[in-house]
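Summary of the model geometry
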Amino acid sequence: MNIRIPKDWALPESAVTAESVYRLRNRRDFLRSLGLASAGLLGAQALRGATGGFPAKENELYPASALKPTPYDFITSYNNFYEFGTDKSAPKDNAKGWKTEPWTVELAGLIRKPGKFDVNDLIAKVGGIEERVYRHRCVEAWSMVIPWDGFSLAKLVTLADPLPEAKYLKLSSFNDPKNVVGQRTAVLDWPYVEGLRLDEAMNELAFIATGIYGQPIPNQNGAPLRLVTPWKYGFKGIKSIVKIEFVAQQPRNTWYVMAPREYGFYANVNPNVDHPRWSQASERVIGGSFFAGKQATLMFNGYEKQVAGLYTGLDLGRNY
Ligand code: MTE
C-alpha cells in the first residue's frame, strides 16, 4: 500500500458532520442533517434501510461514550477500496450508483449448511443487527473511530455449521469489471480475498458491518456487508463480500500475495513491529485537529484483553 502524506484527509470544516448528528436517532432528522432526505440520493441505501433492521440497539460493551466517533463525512470520504480507485477520495465518487441491492452471499466449503442467501434474509437469520463503536487502524498508520451496525461473525459461522476439518475462513469480494472502474486495471489480483482462522472468526470482536452511524453502509465503505476485525490492520476488513468459504488450509490473502514481505496473514496491530517502510508506533487521527492529530498506537489496537489469548505461542515480534 502506498502511504499518502496528509493533505488529502484535511477536509474543509464545512464538510464535517456535527457530532450531535450521531445522537439523532430519528432517521428523518439524520438524513436531513446530511442533506440527503429530500434529495433522495441514497438509492439502494434507503431501500436497505427499510429491510436491514435499522435502527440498531447499542451493544453496551462497545458504546459511543467510551470512544469519540470520527465524523461521518471523514469515514465516508477517506477510503481504501481499490476496486474504485487508489486515491482516498476516489471510492466515494466512483462507487456512486453501483448496484448493491439485491445482493447474494454464498456460504460454502467444509460446512453442514452451505447455501446462497439474500443479504437481508441473512440479517434476519442471525437475529438482526446491533451497534458497536470500534477503533479502526489502517496499516498506513492512520486511524478512526467508527460506529458500526451489523452482527457478530460468530453468528454467521454458527449458521454455516462448520465440519471439524474447517480451520479457516476464506472471504471473497465481488468481481465486476464491467461496472467497477478499478477492476479494469491490474492494481490488485481480483477479486480481493481475505482470511481468518476459525477461532479468530468466533472471537466476540469479529463483526460483519451492514451500517455506519445507524444508516445502511455506503458503497465506498463496503456495501452491503464487510468484515470488521478491530484488533487487526484495516486491510483485513474485506468489503462487499460475496462468498465465505470454510477451508482446511490458510488462505492467501490479497495483500500478502501482492507484497509478502510487507503484509502478513495475521496482520494484528502491533506498535512494536514496524512496517518495512514506516513505523507503526503511532497513528494519524483522521478528523483530528492539526495539533492533536497524532496518538500512540496500542497493542492489538486496544483490544488485547479480548484477543491476546488467540496468539499464545505465536512470536508477536514477527510480521506474519
Ligand atoms: N476491501 C476491498 N474489497 N478492497 C479494498 O481495496 N481495502 C482495505 C479494506 N477492505 C479494501 C478492502 C483497506 S487497506 C482498508 S484500510 C479498509 O478496507 C478501509 O476501510 P474504510 O474505507 O471503510 O475505512
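Parameters and conventions
Residues numbered from 1 in each chain as written. Predicted model: local features only at pLDDT ≥ 70, side-chain atom pairs only at ≥ 80, totals over all residues. Heavy atoms only, no water. Core = buried A, V, L, I, M, F, W, Y, C linked by side-chain atoms within 4.5 Å. Buried < 20%, exposed > 50% of the residue type's maximum accessible area, 1.4 Å probe, protein only. Helix = DSSP H or I, 4+ residues; strand = E, 2+ residues; numbered from the N terminus. Contact = heavy atoms within 4.5 Å. Arc of directions from axis to C-beta. Salt bridge = Lys/Arg side-chain N within 4 Å of Asp/Glu carboxyl O. Pairing = 2+ DSSP bridges. Axes fitted to C-alpha atoms, helices over the stretch in contact; angles between N-to-C directions. Near = heavy atom within 4 Å. Polar contact = N/O pair within 3.5 Å; in protein donor to acceptor, adjacent residues only side chain to side chain. Areas by Shrake-Rupley, 256 points an atom, 1.4 Å probe, with all protein chains shown as cover. 1 Å grid on protein atoms, 1.4 Å probe; cavity = no way out; pocket = protein on both sides within 12 Å on 5 of 7 lines; lining within 4 Å. Sits in = over half its atoms within 2 Å of the grid points. Nonpolar A, V, L, I, M, F, W, Y, C, P; charged D, E, K, R; others polar.

Within soluble globular proteins, side chains that are nonpolar tend to cluster in buried spots. Of all hydrophobic cores here, the largest spans 87 residues; its most connected members are Trp-148, Leu-153, Leu-169, Trp-231, Phe-235 and Phe-246. Counting residues per element, this core draws most heavily on strand S5 (residues 142–152), which supplies six residues. In this structure Phe-246 touches Ala-108, Gly-109, Leu-110, Ile-111, Val-157, Ala-160, Pro-162, Ala-166, Tyr-168, Leu-169 and Leu-198, once residues within four positions along its chain are discounted.

Attention now goes to helix H7 (residues 153–160). Those residues of H7 lying buried are Leu-153, Ala-154, Leu-156, Val-157 and Ala-160. For H7, the arc enclosing every buried residue in end-on projection is 160°, short of the 170-degree limit, so these residues lie on one face. Directly beyond the C-terminal end of H7, a positive phi value near 60° is found at Asp-161.

When the charged atoms of two side chains lie near each other, side chains of opposite charge can form a pair. The tally for this structure, following the rule as stated, stands at nine salt bridges. Across the pair Arg-112 and Asp-161 runs a salt bridge whose closest N-O atoms are separated by 3.0 Å. Taken as a pair, Arg-112 in the loop between strand S2 (104–109) and strand S3 (115–118) and Asp-161 in the loop between H7 and strand S6 (168–173) lie far apart in primary sequence, 49 residues in all. Judged by its relative accessible area of 47%, Arg-112 is partly exposed. By relative accessible area, Asp-161 is classed as partly exposed at 23%. A salt bridge links Glu-262 to Arg-277, with the shortest nitrogen-to-oxygen separation between them at 2.7 Å.

Attention now moves to the sheet that holds S2. Taken in spatial order, the five strands of this open sheet run S3-S2-S11-S6-S7, and their pairing is mixed. Either end of the sheet is taken by a strand with one partner, and the two such strands are S3 and strand S7 (193–197). For this sheet the average axis-to-axis angle between neighbouring strands, irrespective of direction, equals 20°. Bridging between S6 and S7 involves five bridges; their strand directions are antiparallel. Bridging across to S7, Lys-170 finds its partner in Gly-195.

For the ligand, the set of nearby residues contains 18 residues, the closest of which are Tyr-82, Glu-83, His-136, Gly-237 and Lys-239. In this structure, a nitrogen atom belonging to the ligand sits 3.2 Å away from a main-chain N or O atom of Asn-80. In this structure, an oxygen atom belonging to the ligand sits 2.9 Å away from a side-chain N or O atom of His-136. Compared with its free state, where it exposes 530 Å², the ligand has 99% of that area covered by protein. In this structure the site holding the ligand corresponds to the largest cavity. For the shell around the ligand, the per-class residue count stands at eight nonpolar, seven polar and three charged.

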